[in-house]
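Examination of the molecular architecture
Each chain, written out:
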Amino acid sequence: MSEQRIGTGTLYLIPVALGGEGVQAVVPSATLDIARGLRTFIAENAKSARAYLKAIGHFRPLQEIQIHLLDEHTGVRDIEHLLALLSAGEDCGLVSEAGCPAVADPGAALVRRAHETGIRVVPLVGPSSLLLALMASGMNGQRFAFQGYLPVDKSERARRLKELEQRACDETQVFIETPYRNVAMLGALLEHCRGDTLLCIAADLTLAGQSVLTRAVSEWKKNPPELDRRLVVFLLWRPGD
């Protein structure tokens, strides 16, 4: 384990508003103050990062701010280039597309390298859709597992859902989906899960149209929600088995 090196910059992990709305209401002022003081950012998408910096009222003109890309296609050499900025003493802010960076986010690779090379990593407070969904679900908050994205292939997704449903007897299973595939995911849940399994659907958290409802799968079948293009966290639990 590497010790922090003198003279290196700090990697700040900066949460953003879920869905890009209501920044001032959901991101603490202390987090915003740190973000406003940085001049170098690492982001999955430069356009949305600039929109975020504009929304928080960054102290510098946008043309004076450096934004470096880190997405699913970023290679090892590019990550080392980003690491070099920090090693040279530059403080950098890592931002995600929505919510907390490095959680279901390619920024985790940079954070791991920062630890390996003695770069200071500072997580800042902000909204986490996963924890907000778990808090509001009424499900087991003592034992839970985040599964990220499930397979897109229908047969693989069905197999995975059956596996997670079995695990849900011991711990709440939390997973997400790309907004345009929400309808397919919901259909798979209703088709392959037992009727008495509890399913929480937490949609558009912190946004004006947010909804969090926990129902048995059999109840959801009677009145399925409209989820197309919404930001959704799904949770499964089987209490008492």
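Structural notes, computed from the coordinates. This structure is a prediction, so every number in the text was calculated from the model and none was measured. (Residues numbered from 1 in each chain as written. Predicted model: local features only at pLDDT ≥ 70, side-chain atom pairs only at ≥ 80, totals over all residues. Heavy atoms only, no water.)

1. Considerations on a nonpolar patch on the surface
A surface patch of nonpolar side chains, about 340 Å² in accessible area, is lined by L131, M135 and F144. Secondary-structure assignment places L131 in helix α6 (residues 129-137). Its relative accessible area of 46% is what places L131 among the partly exposed residues. (Patch = residues over 30% accessible without salt bridge, like charges linked within 9 Å, V, L, I, M, F, W, Y side chains within 5 Å. Areas by Shrake-Rupley, 256 points an atom, 1.4 Å probe, with all protein chains shown as cover. Salt bridge = Lys/Arg side-chain N within 4 Å of Asp/Glu carboxyl O. Helix = DSSP H or I, 4+ residues; strand = E, 2+ residues; numbered from the N terminus. Buried < 20%, exposed > 50% of the residue type's maximum accessible area, 1.4 Å probe, protein only.)

2. Quick look at the environment of E219
Following the sequence through the fold, E219 ends up in helix α9 (residues 217-222). Along the sequence, E219 and L199 sit 20 residues apart, while their C-alpha atoms lie 9.6 Å from each other.

3. Here we look at the packing of aromatic side chains
This model, assessed by the stated rule, comprises 1 aromatic pair. A centroid spacing of 5.7 Å and a plane angle of 15 degrees characterise the contact between F175 and F234, whose relative ring orientation is stacked. With F175 in strand β7 (residues 172-176) and F234 in strand β10 (residues 232-237), the pair connects residues that are 59 residues apart, well separated along the chain. (Phe/Tyr/Trp six-rings, centres within 6.5 Å; stacked < 30°, edge-to-face > 60°.)

4. Some details on the pattern of salt bridges
Side chains that differ in charge, positive against negative, can pair when their charged atoms come close. If you walk through the whole model with that rule in mind, you get 15 salt bridges. Here R113 makes a salt bridge to E116, at a shortest N to O gap of 2.8 Å. Of the two residues, R113 and E116 both sit in helix α5 (residues 108-116), 3 residues apart, roughly one turn of that helix. Residue classification places E116 among the partly exposed residues on the basis of a relative accessible area of 41%. Ionic pairing is found between K222 and E219, a salt bridge with its closest N-O pair at 3.2 Å. With K222 and E219 both in helix α9, this residue pair falls 3 residues apart, about one helical turn.

5. A short note on the packing of helix α7 (residues 154-167) against helix α8 (residues 182-192)
At a closest axis distance of 10 Å, the pairing of α7 and α8 adopts a crossing angle of 60 degrees. Relative to α8, α7 is oriented oblique. Between α7 and α8 lies a crossing of right-handed hand. For the pair α7 and α8, the contacting residues are R157, A158, L161, K162 and E165 in the first and A184, M185, A188, L189 and H192 in the second. Among the residues forming the contact of α7 with α8, the class breakdown is 6 nonpolar, 1 polar and 3 charged. (Axes fitted to C-alpha atoms, helices over the stretch in contact; angles between N-to-C directions. Parallel < 35°, antiparallel > 145°, perpendicular 65-115°, else oblique. Left-handed = near helix turned anticlockwise from the far one by under 90°. Contact = heavy atoms within 4.5 Å. Nonpolar A, V, L, I, M, F, W, Y, C, P; charged D, E, K, R; others polar.)

6. Remarks on the sheet that holds β10
Across the sheet, which stays open at both edges, the 5 strands sit in the order β6-β7-β10-β8-β9 with mixed pairing between neighbours. Two strands lie at the open edges of the sheet, namely β6 (144-149) and β9 (211-216), each paired on one side alone. If you compare each strand with its neighbour and ignore which way they point, the axes differ by 20 degrees on average. Note: strand β8 (residues 198-203) against β9, 6 bridges, orientation antiparallel. The residue of β9 that forms the bridge with L199 is R215. Taken strand by strand, α7 contacts β6 and β7, and its axis lies near 145 degrees from that of β7. On the sheet, α8 packs against β7, β8 and β10 and is oriented at approximately 10 degrees with respect to β10. (Pairing = 2+ DSSP bridges.)

7. What to know about unusual backbone geometry
In the Ramachandran plot, A104 falls in the positive-phi region, its phi being about 50 degrees despite a non-glycine side chain. Here A104 lies in the loop between β4 (92-95) and α5. Accessibility expressed as a relative area gives 44% for A104, which makes it partly exposed. The phi torsion at D204 lies on the positive side, around 55 degrees, for a residue other than glycine. Residue position: D204 is located in the loop between β8 and β9.

8. Overview of the packing of helix α4 (residues 76-87) against α5
At a closest axis distance of 10 Å, the pairing of α4 and α5 adopts a crossing angle of 55 degrees. Judged by the inter-axis angle, α4 sits oblique to α5. When the axes of α4 and α5 are compared, the crossing they make is right-handed. Contacts between α4 and α5 involve I79, E80, L82 and L83 on the former and, on the latter, A109, L110, R113 and A114. Considered class by class, the residues forming the contact of α4 with α5 number 6 nonpolar, no polar and 2 charged.

All quantities given are derived from atomic positions and should not be read as evidence of function.
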